[in-house]
Amino acid sequence: MKTILLVDDSTTLLMSIKAILEKAGYAVQTATGGDAALKLLTTVKPNLMITDLNMPGMDGITLIKEVKKLPACRFMPVLVMTTESQQQKRTDARAAGATGWLVKPVKPEELIEVLKKLVP
């Protein structure tokens, strides 16, 4: 079973996306921010991470940069799922190591389709 790390400061979003992913057969770990995600990555080795961009404390781009420094996570795909749609933010995220970008709200079937491509 593939494991996905879901990082967002909205507990409502975490619960709804987690339910969608689990229904699709994924194991899901959640973190409510960048610091919590980095702490979790010391014990969990997910196949993919989905992160929000705008979070208090550590933002998504900083989180991606920090995650990519970890040897075990260097090649892990990272999706940014955010309400942001500016090209510069996308460019910054890709430069940090993001694999893809999804704009909220994301349709469950679109999310699963993207995940099937990134973690077959």
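Everything numeric in this text was worked out from a predicted model, so none of it was measured.

## Digging into the sheet that holds strand E5 (residues 100-103)
Here is step 1 of the chain: The strand order across the open sheet formed by five strands is E2-E1-E3-E4-E5, and the pairing between neighbours is parallel. A single partner strand is all that each edge strand has here, and the edge strands are strand E2 (27-31) and E5. For this sheet, the mean inter-axis angle between neighbouring strands, taken without regard to orientation, is 20°.
Here is step 2 of the chain: Across four bridges, strand E4 (residues 78-82) lies against E5 in parallel orientation. Across the sheet, the residue bridging to Leu 79 is Gly 100, located in E5.
Here is step 3 of the chain: Lying on the sheet, helix H3 (residues 60-69) is in contact with strand E1 (3-7), strand E3 (48-51) and E4; it crosses E3 at an angle near 160°.
Here is step 4 of the chain: Relative to E5, helix H4 (residues 87-96) is tilted by about 145°, and along the sheet it contacts E4 and E5.

## Overview of the nonpolar core
Here is step 1 of the chain: One finds Leu 5, Val 7, Met 49, Leu 63, Ile 64, Val 67 and Val 80 to be the most contacted residues of the largest nonpolar core, which totals 23 residues.
Here is step 2 of the chain: Looking at this core, the elements that each hand over two or more residues are E1, helix H2 (34-40), H3, E4 and H4.
Here is step 3 of the chain: The leading source of residues in this core is H3, at four residues.
Here is step 4 of the chain: With sequence-adjacent residues up to four places away left out, Ile 64 is seen in contact with Met 49, Thr 51, Val 78, Val 80, Ala 96, Gly 97 and Ala 98.
Here is step 5 of the chain: Among the nonpolar cores identified, the runner-up in size contains 18 residues, and Leu 6, Leu 14, Leu 48 and Leu 102 belong to it.

## What to know about the packing of helix H1 (residues 11-23) against helix H5 (residues 108-118)
Here is step 1 of the chain: The geometry of H1 relative to H5 is characterised by a closest axis approach of 11 Å and an angle of 60° between their N-to-C directions. Between H1 and H5, the angle is such that the two are oblique. At the point where H1 passes H5, the crossing takes the right-handed sense. For the pair formed by H1 and H5, the contact residues are Ile 17, Ile 20 and Leu 21 on the first element and Pro 108, Leu 111, Ile 112 and Leu 115 on the second.

Conventions and cut-offs
In every chain, residue numbers begin from 1 and rise along the written sequence. With pLDDT at 70 or above as the cut-off, local features in this predicted model cover only qualifying residues; side-chain atom pairs require 80 or more to be listed or tallied, and sums for whole chains, interfaces and linings still use all residues. For the side-chain quantities, the full set of heavy atoms in the structure was used; hydrogens and water were omitted. The criterion for strand pairing is that DSSP finds at least two bridges linking the strands in question. Only runs of H or I of at least four residues qualify as helices and only runs of E of at least two qualify as strands under DSSP, and these elements are numbered from the N terminus. To get an axis, fit a line to the C-alpha atoms, keeping to the stretch in contact for a helix; angles then go from 0 to 180 degrees between the N-to-C directions. Any two residues having at least one pair of non-hydrogen atoms within 4.5 Å are treated as being in contact. By nonpolar core we mean a set of buried residues, namely Ala, Val, Leu, Ile, Met, Phe, Trp, Tyr and Cys, connected to one another through side-chain atoms within 4.5 Å. Burial classification: accessible surface area is computed with a 1.4 Å probe over protein chains only, and a residue below 20% of its type maximum counts as buried, one above 50% as exposed, and the rest as partly exposed. Here roughly perpendicular refers to angles of 65 to 115 degrees, roughly parallel to angles under 35, roughly antiparallel to angles over 145, and oblique to all remaining angles. In this scheme, a crossing is called left-handed if the near helix is turned counterclockwise away from the far one by less than a right angle; it is called right-handed if the turn is clockwise.

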